[in-house]
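# Understanding the architecture of this molecule
Residue strings, one per chain:
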Amino acid sequence: MGTRGRGRLADRPAAGGATPWGAGEDGAAARGSAEAPPTRGRAERRRTARKATRRRKRSLVREIPLIVLVALLVALVMKTFLVQVFVIPSGSMEQTILIGDRVLVDKLTPWFGSEPQRGDIVVFKDPGGWLERDRKPSSDGPVLGAAKQVLTYVGLLPSGNEQDLIKRVIGVGGDTVECCDAQGRLSVNGRPVEESYLAPGNPPSRQTFRIQVPQGRLWVMGDHRDVSADSRFHMGNPGQGTIPLSGVVGRAFVIAWPLDRFHRLEAPGSLSSLARMPQAGGTAAESVGVGPVPVEPPLVMGVLGILPFVVR
């Protein structure tokens, strides 16, 4: 029969994948070159690196808007519900708080029903007639103006339209606040108050007054009494110089900047230890010798990111 139509034995692969006879080193080299992966050249490696860099850049471009949006939402939540930073523009709270200090205001606890107590330093909205100033028209264009409004709304830029003030709570609803006794001291519910926090050289008040604070309202005064346009100067307004609890923004609890003045703002024991005297309502305010009302500038809402700025 012969081998017609069949390959020669030397040309057929051996069983088990052995190297055919006669293949020798040339056969092994051919098989090795077929099985080993090709070696990449320098140009190909550079192209791969450039592609990876372009992918990272595209990923970063997609992530930046998301990062900005999350940052704005966090700032808005903090400003609305947690903590807000205010810049002190006047000396009405010296020496406790100085001009230019940044104070952190707790806005969270009022959401749980906490009310300001005597001695607390509170930030509150102008109840009407406390702040008077001329507003200058903005010179920003429509695009820049809109951008500033957004950043101001979330608390990342100072606001030029804030109507906030800062004062110390002297009397709460039902208290009778009077000044001054025979020793020239302020008294609350007939008990004299030692006010060690007053600015040097300031008496408790140069105007005599007596008022019973209505329920749901507060009697507030500045620590620098001679320059503070506080409740004493607004007894002729609705509320007899008191402010409503609903207008309280929050309680100032720490001076955050400058760093050499970083400390907590505690309520003095001379006020916080007084017993509360609930009453049905308030009485007409009595005031004598009220002079010109000092100029009271509003607080400036500071940049919310003060802590990262301090760290930097």
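Residues numbered from 1 in each chain as written. Predicted model: local features only at pLDDT ≥ 70, side-chain atom pairs only at ≥ 80, totals over all residues. Heavy atoms only, no water.

### Re the overall build of the protein chain
Per the secondary structure count, the protein chain includes five helices and 14 strands. Residue burial in the protein chain is summarised as follows: out of 312 residues, 36% are buried. Here the analysis covers contacts within the protein chain between residues at least 6 apart in sequence; of these, 77% occur between residues at least 24 apart. Total accessible area on the protein chain stands at roughly 18600 Å², and carbon and sulfur atoms take up 58% of it. (Helix = DSSP H or I, 4+ residues; strand = E, 2+ residues; numbered from the N terminus. Buried < 20%, exposed > 50% of the residue type's maximum accessible area, 1.4 Å probe, protein only. Contact = heavy atoms within 4.5 Å. Areas by Shrake-Rupley, 256 points an atom, 1.4 Å probe, with all protein chains shown as cover.)

### A short note on the pattern of salt bridges
Scanning all chains against the criterion turns up 11 salt bridges. Here Asp 101 and Arg 261 are joined by a salt bridge, their closest N and O atoms 2.8 Å apart. Linking Asp 101 in the loop between β1 (83–87) and β2 (102–106) with Arg 261 in the loop between β11 (248–257) and β12 (263–264), this pair joins segments that are 160 residues apart in sequence. Residue class for Asp 101 comes out buried when judged on its relative accessible area of 2%. Where Arg 185 meets Glu 194, a salt bridge forms, and the shortest distance between an N and an O atom there is 3.6 Å. Accessibility expressed as a relative area gives 26% for Arg 185, which makes it partly exposed. The structure contains a network of salt bridges with shared partners spanning Asp 181, Arg 185 and Glu 194. (Salt bridge = Lys/Arg side-chain N within 4 Å of Asp/Glu carboxyl O.)

### Concerning the side chain of Arg 118
When you line up the elements, Arg 118 lands in the loop between β2 and β3 (121–125). Within polar-contact distance, the side chain of Arg 118 engages the side chain of Asp 175 at 2.6 Å. (Polar contact = N/O pair within 3.5 Å; in protein donor to acceptor, adjacent residues only side chain to side chain.)

### Description of the environment of Ser 246
The residue Ser 246 is located in the loop between β10 (243–244) and β11 in this model. Given a relative accessible area of 73%, Ser 246 falls into the exposed group. Between the alpha carbons of Ser 246 and Lys 125 there is a distance of 9.0 Å; along the sequence they are 121 residues apart.

### Digging into a positive patch on the surface
Together, Arg 42, Arg 45, Arg 46, Arg 47, Arg 50, Lys 51, Arg 54, Arg 55 and Arg 56 line one region of the surface with positive charge. The residue Arg 55 is located in helix α2 (residues 42–82) in this model. According to the relative accessible area criterion, Arg 55 is partly exposed, its value standing at 48%. (Patch = residues over 30% accessible without salt bridge, like charges linked within 9 Å, V, L, I, M, F, W, Y side chains within 5 Å. Lys, Arg positive; Asp, Glu negative; His and termini not counted. Charge placed at Lys NZ, Arg CZ, Asp CG, Glu CD.)

### Some thoughts on the nonpolar core
Within the largest apolar cluster, 16 residues are counted, with the highest numbers of intra-cluster contacts made by Ile 170, Val 177, Leu 186, Phe 209, Trp 219 and Leu 271. Residue assignment for this core shows that the elements contributing at least two residues are β5 (176–179), β6 (186–188), β8 (208–212) and β9 (217–221). (Core = buried A, V, L, I, M, F, W, Y, C linked by side-chain atoms within 4.5 Å.)

### What to know about the environment of Phe 233
Position of Phe 233 relative to the elements: it lies in the loop between β9 and β10. A sequence separation of 61 residues divides Phe 233 from Pro 294, and the C-alpha atoms of the two residues are 8.5 Å apart.

### Remarks on the side chain of Ser 205
Tracing the sequence through the fold places Ser 205 in the loop between β7 (191–193) and β8. Judged by relative accessible area, Ser 205 falls into the buried class, the value being 8%. A distance of 2.6 Å separates the side chain of Ser 205 from the backbone oxygen of Gln 207, its partner in a polar contact. Ser 205 has contacts with Cys 179, Cys 180 and Arg 232, leaving out every residue within four places of it along the chain.

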